[in-house]
Amino acid sequence: MMVRPERCIGCKHCEVACAVEHSAARELAAALGETPVSVPRIRVEVGMSYLTFPNRCRHCDPAPCLQVCPTNALVRDERTGLVAQEYARCIRCTACAMACPFGVIQFKPVLQTGPERVVNAKCDGCLDRRARGEVPACAEACKTGALVFGEVNELIRSDRKSFTLRMLTSREPEVEAPGMPANLRAFRDLMAELAGLGPSAE
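Reading guide: rules and limits
- Residues numbered from 1 in each chain as written.
- Predicted model: local features only at pLDDT ≥ 70, side-chain atom pairs only at ≥ 80, totals over all residues.
- Heavy atoms only, no water.
- Helix = DSSP H or I, 4+ residues; strand = E, 2+ residues; numbered from the N terminus.
- Buried < 20%, exposed > 50% of the residue type's maximum accessible area, 1.4 Å probe, protein only.
- Contact = heavy atoms within 4.5 Å.
- Areas by Shrake-Rupley, 256 points an atom, 1.4 Å probe, with all protein chains shown as cover.
- Lys, Arg positive; Asp, Glu negative; His and termini not counted.
- Charge placed at Lys NZ, Arg CZ, Asp CG, Glu CD.
- Salt bridge = Lys/Arg side-chain N within 4 Å of Asp/Glu carboxyl O.
- Phe/Tyr/Trp six-rings, centres within 6.5 Å; stacked < 30°, edge-to-face > 60°.
- Lys NZ or Arg CZ within 6 Å of the ring centre and 35° of its normal.
- Patch = residues over 30% accessible without salt bridge, like charges linked within 9 Å, V, L, I, M, F, W, Y side chains within 5 Å.
- Disulfide = S-S within 2.5 Å.

Asker: What am I meant to see in the overall build of the chain here?
Answerer: Helix and strand counts for the chain stand at 8 helices and 8 strands. By principal-axis analysis of the C-alpha atoms, the chain measures approximately 55 × 40 × 30 Å. Taken over 202 residues, the chain has a buried fraction of 38%. Considering only contacts within the chain whose residues lie at least 6 apart along the sequence, 55% involve residues at least 24 apart. Accessible surface for the chain amounts to roughly 11700 Å². Of this, 57% is attributable to carbon and sulfur atoms. Treating the 26 positive side-chain charges of the chain as one cloud and the 24 negative ones as another, the clouds have centres 3 Å apart.

Asker: Please explain the pattern of salt bridges as it appears in this structure.
Answerer: Side-chain pairs of opposite charge can arise where the charged atoms are in close proximity. Under the counting rule described, the total for this entry stands at 8 salt bridges. In this structure, Arg129 and Glu140 form a salt bridge, with 3.0 Å as the shortest nitrogen-oxygen distance. Of the two residues, Arg129 is situated in helix 5 (residues 127–131) and Glu140 in helix 6 (residues 137–141); the sequence distance between them amounts to 11 residues. Two residues, Glu134 and Arg132, come together in a salt bridge whose shortest N-O distance is 3.3 Å. With relative accessibility at 45%, the residue Arg132 sits in the partly exposed group. A single network of salt bridges, built from pairs that share partners, joins Glu21, Arg26, Asp128, Arg129, Arg132, Glu134 and Glu140.

Asker: Any chance you could explain the packing of aromatic side chains here in plain terms?
Answerer: Aromatic ring pairs are described here by two measures, namely the spacing of the ring centres and the angle between the planes. As enumerated under the stated definition, the model contains 0 aromatic pairs in all. Here Arg58 stacks its cationic end above the ring of Phe102, 4.0 Å away from the centre of that ring.

Asker: Just to check I follow, could you spell out a nonpolar patch on the surface for this structure?
Answerer: Together, Val16, Leu28 and Leu32 make up an exposed nonpolar region whose accessible area comes to about 280 Å². Relative to the helices and strands, Leu32 is located in the loop between helix 2 (28–31) and strand 2 (43–46). On the accessibility criterion, Leu32 (60% relative accessible area) is exposed.

Asker: What should I look at first to understand the state of the cysteines in this one?
Answerer: Covalently bonding the sulfur atom of one cysteine to the sulfur atom of another cysteine gives a disulfide. Going through the model one piece at a time under the given rule, you end up with 0 disulfides. No disulfide involves Cys142; its sulfur sits 6.4 Å from that of Cys11, the nearest cysteine. Taking relative accessible area as the criterion, Cys142 reaches 18% and is therefore assigned buried.

Asker: Just to check I follow, could you spell out the environment of Gln67 for this structure?
Answerer: With respect to the element layout, Gln67 can be found in helix 3 (residues 64–68). Along the sequence, Gln67 and Ala99 sit 32 residues apart, while their C-alpha atoms lie 8.8 Å from each other.

Asker: Hey, could you run me through unusual backbone geometry in this one?
Answerer: If a residue is not glycine, its phi is most likely negative; likewise, a peptide bond is most likely trans. With an omega of 0°, the peptide bond between Thr35 and Pro36 qualifies as cis. Along the polypeptide, Pro36 turns up in the loop between helix 2 and strand 2. Cis geometry marks the peptide bond from Asp61 to Pro62; its omega dihedral reads 5°. You can see Pro62 is positioned in the loop between strand 3 (52–55) and helix 3.

Written as structure tokens, this is what we have:
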């Protein structure tokens, strides 16, 4: 999964899609009446200059959370390489949350344990969807391309090519579209300031 924060507009479609995917009904209206109510495992966070960022588990390898879990409640799925949960083993010690460098682990009741038990409810990479050959729900729901699923090197190559083209043409006036969203303009201005170029032209 590739995260492109400059494309995130904070619509939270990814959060809704994630919550629905992890509900029993897997349908929005019905999911709202479930107990426990399904919660998203991805969070749209607000960063610098009010820019939004879809924060989710990176399924690191090696994964610090998996390494410190004393009960083996976090396991590596052999087929996909994702870090998955064994909810029955979770003792809510929060060692995984302390070890996670991205702050994406939360503890909530989940469908598999019922409303009385709180466990690690991090992103599981949509294992069920992956088994059916589908992309994760958050990536499918994202309308701006802030979340893109695919082979990592191809995604990086595509982003590198896009970045290079933008850099080569960034001084051309036609690149500055008159209807540019405020969060994209803020991001460009921030990057320009960091590069010592000053804010982008209006």
